[in-house]
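# Descriptive analysis of the structure
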Amino acid sequence: MAAINLPIIDISNPHDLSMGKAMLDAAAKYGFLYVASQSTEFSAQDVERAFGLSKDFFASPVEEKATCRITPSNRGWSGMHVETLDPEHQRTGDFKEGMNFGEFTAGKAPQPLPPSLSPHEATLDHFSTLCRKTCDQILTLLALGLEVDPTFFTTRHDPIHGPSGCTLRFLYYPSLTSPATASYKHDEDVRAGAHSDYGSITLLFQRPGQPGLEILTPEGEWAGVPVEPNQSSQGQGQGFAFPPILVNIGDLLSYWTDGLLKSTVHRVVFPLSEQRAENENEQNRYSIVYFCHPVNTTELVPVPSTIVDAHREERKESQDDKVGFGGGAGYLVPGKWALTASEHLQARLAATYTY
């Protein structure tokens, strides 16, 4: 299976129209792109500390993790097989554990933290803040690319207007010989089932040498996404402080643009290198995800973009112009009922978890 070659975007100047167009092109073609690590406010130390906290948490006793078990608020710890991202095709739940953090307020977590993380609340808040800043840069560039007010998206994601579904998430995928996975058939099961993300955009931080992410191409084939793309071939040079941040478009941003921006289906598999008899490259996989969502009360009415209008004309939608993602439903016609960000998120979560 060939790996897909995604562009690497420099977001250091969120008012750079050329970068806005490049980001729009990638979002419309692939639904995925990389952000150059040095063009963000993250340092290598920020990323290393966050992954260190993640490893410490997942290595802690089950009894401690269970004190913050996930609830319908989408905050807390989910154990192995609790989440099923592709219930239609998965025989069992996902081969992963997760820890979700809601939006921090005045430096404080909105939920009880387990013993391994409670002393590090400020570090978690700092990392989450940097994620939000990065998302604002990306959303500003996408607005420029769509030729709308540069603040169109960011104002609708501004916490000053109310709470949202923004979530920072630690993820742990055990290796093949882990007791949690050893008894299963890895040619049939996946670490995380095929799905599209629920929000506006997603940031994904990965570790070198821990592959597994695949995206579904328009041809209906799975393509691997490298953790570390060929930087020099895209004029980025070397010396990245950490692997580029992978960004993907979520359902809500696709909905907002009537499908112009692609909310691409993706999954996490057991890499072929781990499935070989010798298993020399076998290891646990860790990733950190930030799901960016609009303020809960945001109505998903059409983005006032002539580019989106032209796309709609090309699609020649029916008179109701009905659009739904992941089983959601709503209308993109002014004057009719508009789905809110919160309504869409709750519907998706209800179909994903068994509490």
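Look up: the structure comes first, before these words.
Notes on the structure follow. A quick note: this is a predicted structure, and the numbers were derived from the prediction, not measured.

Here is what the cut-offs are and how they apply
Throughout, residues of each chain are indexed from 1 in the direction in which the sequence is written. Reporting in this predicted model follows two pLDDT cut-offs: at least 70 for local features of residues, and 80 or more for side-chain atom pairs to be given and counted; totals over whole chains, interfaces and linings ignore these cut-offs and use all residues. Each side-chain value is worked out from all heavy atoms of the structure, with water and hydrogens disregarded. Here a strand pair is declared whenever DSSP counts at least two bridges between the two strands. Here a helix means four or more residues in a row that DSSP labels H or I, a strand means two or more in a row labelled E, and each is numbered from the N terminus. Between two residues, a contact is recorded if the distance between any of their heavy atoms is within 4.5 Å. For helices, the fitted axis covers only the stretch in contact; all axes are lines through C-alpha atoms, and the angles between them, taken along N-to-C directions, range from 0 to 180 degrees. Oblique is the label for any angle not under 35 degrees, not over 145, and not in the 65 to 115 range, which are roughly parallel, roughly antiparallel and roughly perpendicular in turn. With the far helix as reference, a near helix turned anticlockwise by less than a right angle produces a left-handed crossing, and one turned clockwise produces a right-handed crossing. Gly falls in the polar group here, along with every residue not listed as nonpolar (Ala, Val, Leu, Ile, Met, Phe, Trp, Tyr, Cys, Pro) or charged (Asp, Glu, Lys, Arg). Working rule for helices: expected span equals 1.5 Å times residues minus one. Exposure is judged per residue with a 1.4 Å probe applied to protein chains only, and the accessible area is read against the type maximum: over 50% gives exposed, under 20% gives buried, and values in between give partly exposed. Think of the arc as the fan of directions from the helix axis to the C-beta atoms. In this text, buried Ala, Val, Leu, Ile, Met, Phe, Trp, Tyr and Cys residues form a nonpolar core when linked through side-chain atoms within 4.5 Å. Distance and chemistry together define a polar contact, namely a pair of N or O atoms within 3.5 Å, with one atom able to donate a hydrogen and the other to accept it when in protein, and with adjacent residues in sequence counting only for side-chain atoms on both sides.

To continue, consider the sheet that holds strand β5 (residues 167-173). Two modes of strand pairing occur in sheets, parallel and antiparallel, and in both the strands are linked by backbone hydrogen bonds. In space, the eight strands of this open sheet follow the order β1-β2-β10-β7-β12-β5-β4-β3, with mixed pairing throughout. In this open sheet, the two strands that pair with only one neighbour each are β1 (8-9) and β3 (76-78). Two strands pair when backbone bridges link them, and strand β4 (residues 97-101) and β5 are joined in this way by five bridges, in the antiparallel orientation. Counterpart to G98 in the pairing with β5 is L171. Sitting on the sheet, helix α1 (residues 17-29) touches β1, β2 (32-35) and β10 (245-249), and the angle it makes with β2 is about 140°.

Looking now at the packing of helix α2 (residues 44-58) against helix α4 (residues 121-145). Put simply, α2 and α4 touch, their axes get as near as 10 Å, and they point 125° apart. By the angle class used here, α2 and α4 are oblique. Helix-helix and strand crossings are classified by hand; for α2 and α4 the assignment is left-handed. Of the residues in α4, those in contact with D46, V47, R49, A50 and L53 of α2 are T123, L124, H126, F127 and L130. Of the residues in the contact of α2 with α4, the class split is six nonpolar, two polar and two charged.

Moving on to α2. In this model, α2 (15 residues) spans 21 Å end to end at C-alpha, consistent with the 21 Å of a helix rising 1.5 Å per residue. Of the positions making up α2, those classed as buried are D46, V47, A50, F51, L53, S54, F57 and F58. Angular distribution of buried residues about the axis of α2 spans 155°; they occupy a single face of the element.

In terms of nonpolar packing, the biggest core is built from 64 residues, with I201 and F205 touching the most fellow members. Look past the residues within four positions of F205 in its chain and what remains in contact with it is F42, V47, F51, F127, C131, F242, I245, S287 and I288. Counting 18 residues, the second largest nonpolar core, distinct from the first, contains F32, L204, L246 and V289.

Residue position: W256 is located in helix α6 (residues 251-256). For W256, a relative accessible area of 0% corresponds to the buried category. Residues W256 and L300, spaced 44 residues apart in sequence, show a C-alpha to C-alpha distance of 5.8 Å. For W256, the contacting residues outside a window of four places in its chain are F153, R156, H157, S200, P294, T298, E299, L300, V301, P302 and V303. Within the structure, W256 has its side chain in polar contact with the backbone oxygen of V301 (distance 3.4 Å).

This next bit is on the side chain of S116. Examined against the element boundaries, S116 turns out to sit in the loop between β4 and α4. For S116, the contacting residues outside a window of four places in its chain are D56, F57, S60 and E64.

What follows deals with unusual backbone geometry. Positive phi is not limited to glycine here, since N74 has a value of about 70°. By the element assignment, N74 lies in the loop between α3 (62-65) and β3. Note on N74: relative accessible area 10%, which makes it buried. Unusually for a residue other than glycine, D258 sits at a positive phi of about 55°. Tracing the backbone shows D258 in the loop between α6 and β11 (266-268).

Okay, the pairing of β5 next. In terms of burial, β5 is largely enclosed, as seven of its seven residues are buried. Here β5 shows no split at all, with T167, R169, L171 and Y173 on one side and L168, F170 and Y172 on the other all buried. As defined by bridge partners, β5 adjoins strand β12 (residues 285-292) across seven bridges and the pair is classed as antiparallel. If you follow F170 over to β12, its bridge partner there is I288.

As paired strands, strand β8 (residues 213-216) and β11 are joined by three bridges and run antiparallel to one another. Across the sheet, residue L213 finds its bridge partner in β11, namely V268. Sheet topology places β8 next to strand β9 (residues 222-224); three bridges connect them, and they run antiparallel. Residue I215 lies in a different strand from β9, and its bridge partner there is A223.

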